[in-house]
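# Chains, contacts and geometry: an overview
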Amino acid sequence: MTQATDPERGLTVVAFPASTSTANDDPSSKSGLGLQHRTSNVSSTSSVRSNTGLRNSRYPKVELKRILLDQTKRPVTLSEFRRFMVDVEHGSESLDFWVEAERLKTDYAKHAEAMNHVKNDTVFADMERRRNAIVKDYIEAGSPNELNITSKQRAEILDAIKSSPDSVNPEVFLNVQKHCYDLISANSLPRFLRHTMTNIGKEEIASRRRQVVIMALLTLMIILLSLLYHPFKRGLRFLVIIPSFVMFACLYQQHIQFCMVYGFLGKVRRVGVALFGLLKEGTLGGTTEIVEESCVRQSHRALAFQVMGIALVCSVILGVVLWAIPVNI
């Protein structure tokens, strides 16, 4: 084993000699493995604001790094974030690349430390295969999942690998990882967090629209009855608050795709419809999911209070205005 120091980059390179057990060994097993550590301890996930573009405090504050390392719970898990990027943003190349490169780097460091710098041809060959797969899938021009990076960034990676054929160094992806991290943090993450602030699907939204129509008719009936039917007591005009509250609440809920009751219960229903999630699973189709991530759950409850407050204020104003009309028509 030999060591060399690059004063310009601040890197210490530990190179392992090639195995000479047989003359016909696999070329990949003869390759040494270069292990590089940045003395400045630079992280591939730079310090970037995780909620770029979120101007409304009701959105949950979830760190992107926690999502990428799969340390979050529903509805902000890595798999759900990836599904969102595929279905809504029509591509998850940046996310997939970052995750694969980070896992390679983590496994590389773990195996090197466990082996105490003793060469293991099988492990090194696997690392080299994974690194080459990342290059072919994301870096090379015309690759199936080609990243939107500059030609300079692409050339830096390819040249670094070509110049060190006897070493495997996952940190060659470091700059592109940072680039992808910044793009995801600035663009995809805010949209994903906004998406997590919805908790109902199209069937539930359609149900809210029907409720708006029903409650609007009931509200109109009370208004006309209180104005046209003389025996109708003036104090009973405040009954209009009840149907109008439901009307305003459903109107707001279908607009923001969020159910107030589900928000208080900490549930999400993307498919099917139910009575505020209180019926058994599958009664009216679909299933409900539990909001497990605490910050998302808190944001849902805060939004539920906001919906309830807005609907209550609007309905009370309507009731007071109706009551204030001095005489029956």
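Here goes a summary of the coordinates provided.

The rules behind these values
- Residues numbered from 1 in each chain as written.
- Predicted model: local features only at pLDDT ≥ 70, side-chain atom pairs only at ≥ 80, totals over all residues.
- Heavy atoms only, no water.
- Helix = DSSP H or I, 4+ residues; strand = E, 2+ residues; numbered from the N terminus.
- Buried < 20%, exposed > 50% of the residue type's maximum accessible area, 1.4 Å probe, protein only.
- Contact = heavy atoms within 4.5 Å.
- Areas by Shrake-Rupley, 256 points an atom, 1.4 Å probe, with all protein chains shown as cover.
- Patch = residues over 30% accessible without salt bridge, like charges linked within 9 Å, V, L, I, M, F, W, Y side chains within 5 Å.
- Salt bridge = Lys/Arg side-chain N within 4 Å of Asp/Glu carboxyl O.
- Axes fitted to C-alpha atoms, helices over the stretch in contact; angles between N-to-C directions.
- Parallel < 35°, antiparallel > 145°, perpendicular 65-115°, else oblique.
- Left-handed = near helix turned anticlockwise from the far one by under 90°.
- Phe/Tyr/Trp six-rings, centres within 6.5 Å; stacked < 30°, edge-to-face > 60°.
- Expected span 1.5 Å × (residues − 1).
- Disulfide = S-S within 2.5 Å.

## Details of the overall build of the protein
When helices and strands are counted, the protein shows 11 helices and five strands. By residue count, 42% of the 329 residues in the protein fall in the buried class. A separation of at least 24 residues holds for 69% of the contacts in the protein among residues at least 6 apart in sequence. Summed over its atoms, the accessible surface of the protein is roughly 17900 Å², and 58% of this surface lies on carbon and sulfur atoms.

## Considering a nonpolar patch on the surface
A surface patch of nonpolar side chains, amounting to about 400 Å² of accessible area, comprises Phe238, Leu312, Val316, Val320 and Trp323. Within the element layout of this structure, Val316 appears in helix 11 (residues 294-324). Taking relative accessible area as the criterion, Val316 reaches 33% and is therefore assigned partly exposed.

## Things to note about the packing of helix 5 (residues 121-139) against helix 6 (residues 151-163)
Orientation of helix 5 relative to helix 6, taken along the N-to-C sense of each, is 155°, at an axis distance of 12 Å. Accordingly, the angle class assigned to the pair helix 5 and helix 6 is roughly antiparallel. Where helix 5 crosses over helix 6, the handedness of that crossing is left-handed. Counted together, Arg131, Val135 and Ile139 of helix 5 and Arg154, Ile157, Leu158 and Ile161 of helix 6 form the full contact between these two elements.

## Concerning unusual backbone geometry
Omega for the peptide link from Arg74 to Pro75 comes to 5°, which places this bond in the cis form. Here Pro75 shows up in the loop between helix 2 (64-68) and helix 3 (78-87). Of note, Asp70 is a non-glycine position whose phi angle comes to about 60°, a positive value. Position of Asp70 among the secondary structure elements: in the loop between helix 2 and helix 3. One non-glycine residue with positive phi stands out, namely His90, at about 60°. Inspection of the secondary structure assignment puts His90 in the loop between helix 3 and helix 4 (93-114).

## Things to note about the packing of aromatic side chains
The tally for this structure, following the rule as stated, stands at seven aromatic pairs. Aromatic side chains Phe97 and Phe173 sit 5.9 Å apart centroid to centroid with 90° between the ring planes, which places their arrangement in the edge-to-face category. With Phe97 in helix 4 and Phe173 in the loop between helix 6 and helix 7 (174-196), this residue pair connects regions lying 76 residues apart in the sequence. Connected via pairs of aromatic rings, a cluster forms that spans Phe81, Phe84 and Phe192.

## Some thoughts on the pattern of salt bridges
Enumeration according to the criterion identifies 13 salt bridges in this entry. With a shortest N-O distance of 2.7 Å, Arg129 and Asp126 are connected by a salt bridge. Linking Arg129 with Asp126, this pair stays in helix 5, spanning three residues, or about one helical turn. Residue class for Asp126 comes out partly exposed when judged on its relative accessible area of 29%. Measuring nitrogen to oxygen at the nearest pair gives 3.0 Å for the salt bridge that ties Asp182 to Lys178. One end of the pair is Asp182 and the other is Lys178, both in helix 7 and four residues apart, which spans about a single turn.

## Thoughts on helix 9 (residues 241-256)
In this model, helix 9 (16 residues) spans 22 Å end to end at C-alpha, consistent with the 22 Å of a helix rising 1.5 Å per residue. Of the residues making up helix 9, those classed as buried are Pro243, Ser244, Met247, Ala249, Cys250, Tyr252, Gln253, Gln254 and Ile256. The elements touched by buried residues of helix 9 are helix 8 (202-228), helix 10 (260-265) and helix 11.

## Digging into the state of the cysteines
The full count for this structure, using the stated rule, is zero disulfides. The structure places no disulfide on Cys259, whose sulfur is separated from the nearest cysteine sulfur, that of Cys250, by 8.3 Å. Owing to a relative accessible area of 0%, Cys259 belongs among the buried residues under this scheme.

## Section: the side chain of Ser188
Relative to the helices and strands, Ser188 resides in helix 7. If we skip the residues at most four places from it in the chain, Ser188 touches Phe81, Phe84, Met85, Glu89 and Leu183.

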